[in-house]
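Descriptive structure summary
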Amino acid sequence: MHELNIVAHIVKTVEDFAIDNRLTKIDTLVLQIGELSGVIPRYIEACYPAVVEGTSLQETKLKIEIVPGNAFCKECNKVFNLLQNDFACPDCGRNDWEILCGKELMIKEVIAC
Ligand SMILES: [Zn+2]
């Protein structure tokens, strides 16, 4: 499963970060997941407990923030949400647009105890 590898990679990154910064315990891990990233947040949440089991992140809470998949229309400059508008501009109906945000998958914050 795609999400399992992603979670494993994130957990490893955060563990390394914790060691480098001498953090003994991390309270919360905050991820930002874009609507257009192809990553499904509830799958991330589902894999997380299994991945952190037995690691230094075992007690760490996971928080996910969703970044909207927005684009601007190259025809009329309207900014709109791609998913909510079926990938077409709600004002002029064109689908000639450029993505502004929503493709990201980022570790936004690591909150120590
Ligand atoms: Zn438009």
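Above this text you will find the structure in question.
All of the points below concern the structure found in this document. For every chain, the first residue of the written sequence is number 1, and numbering continues from 1 onward in sequence order. Local features in this predicted model are restricted to residues of pLDDT 70 or higher, and side-chain atom pairs are both shown and tallied only at a pLDDT of 80 or more, whereas totals for entire chains, interfaces and linings draw on every residue. To get the side-chain values, take all heavy atoms of the structure and skip hydrogens and water.

**What about the coordination of the zinc ion?**
For the zinc ion, the protein coordination sphere consists of Cys73 (SG), Cys76 (SG), Cys89 (SG) and Cys92 (SG), at 2.2 to 2.3 Å. Donor atoms (N, O, S) are those found within 2.8 Å of the metal centre, with the cutoff raised to 3.2 Å for Na, K and Ca; water is not part of the atom list, so apparent gaps in a site can occur. Angle rules define the geometry names used: all angles between 85 and 135 degrees makes four donors tetrahedral, while opposite donors over 155 degrees apart and all other angles between 65 and 115 make four donors square planar and six octahedral, leaving every other case irregular. In this structure, the zinc ion is coordinated by 4 donor atoms arranged in tetrahedral fashion, with angles at the metal of 100 to 122°. Here's how the labels work: a residue is buried when its accessible area is under 20% of the maximum for its type, exposed when over 50%, partly exposed in between, all with a 1.4 Å probe on protein chains only. Relative accessible area serves as the criterion here: at 35%, Cys76 is assigned to the partly exposed category. You can call Cys89 buried: its relative accessible area is 4%.

**Concerning the pattern of salt bridges**
Think of a salt bridge as a Lys or Arg side-chain nitrogen and an Asp or Glu carboxyl oxygen that are within 4 Å of each other. Enumeration according to the criterion identifies 6 salt bridges in this entry. Notably, a salt bridge pairs Lys74 with Asp96, separated by 4.0 Å at the nearest N-O pair. Within this pair, whereas Lys74 is found in the loop between strand S3 (70–73) and strand S4 (79–81), its partner Asp96 is found in the loop between S4 and strand S5 (97–101), the two being separated by 22 residues in sequence. Judged by its relative accessible area of 37%, Asp96 falls in the partly exposed class. Glu75 is paired through a salt bridge with Arg94; the nearest N and O atoms lie 3.1 Å apart. Going along the chain from the N terminus, every DSSP run of H or I of four or more residues is numbered as a helix, and every run of E of two or more is numbered as a strand.

**Some words on the sheet that holds S5**
Two strands qualify as a pair provided DSSP detects at least 2 bridges between them. Reading across from one edge, S4-S3-S5 is the order of the 3 strands in this open sheet, with antiparallel pairing throughout. Two strands bound the open sheet, and with one partner strand each, they are S4 and S5. With strand direction ignored, the average angle separating the axes of adjacent strands in the sheet is 35°. In this sheet, S5 lies alongside S3 in antiparallel orientation, the contact comprising 4 bridges. Paired with Asn70 across the strands is Cys101, a residue of S5. All axes are obtained by fitting lines to C-alpha atoms, using only the stretch in contact for helices, and the reported angles, taken between N-to-C directions, cover 0 to 180 degrees.

**Re the sheet that holds strand S1 (residues 26–34)**
To summarise the sheet geometry, strands pair through backbone hydrogen bonds and adopt either a parallel or an antiparallel arrangement. Read across the open sheet, the 3 strands follow the order S2-S1-S6; overall the sheet is mixed. The open sheet terminates on both sides in strands that have one partner only, identified here as strand S2 (61–67) and strand S6 (105–112). With direction set aside, neighbouring strand axes in the sheet form an average angle of 20°. In this sheet, S2 lies alongside S1 in parallel orientation, the contact comprising 7 bridges. Of the residues in S2, the one forming a bridge with Leu29 is Leu62. Here a residue-residue contact requires only that any non-hydrogen atoms of the pair lie within 4.5 Å. Where helix H1 (residues 2–20) meets the sheet, its contacts fall on S1 and S6, and the angle it forms with S6 comes to roughly 40°. Strand contacts of helix H2 (residues 41–52): S1 and S2, with the helix running at about 170° to S2, the strand carrying the most contacts.

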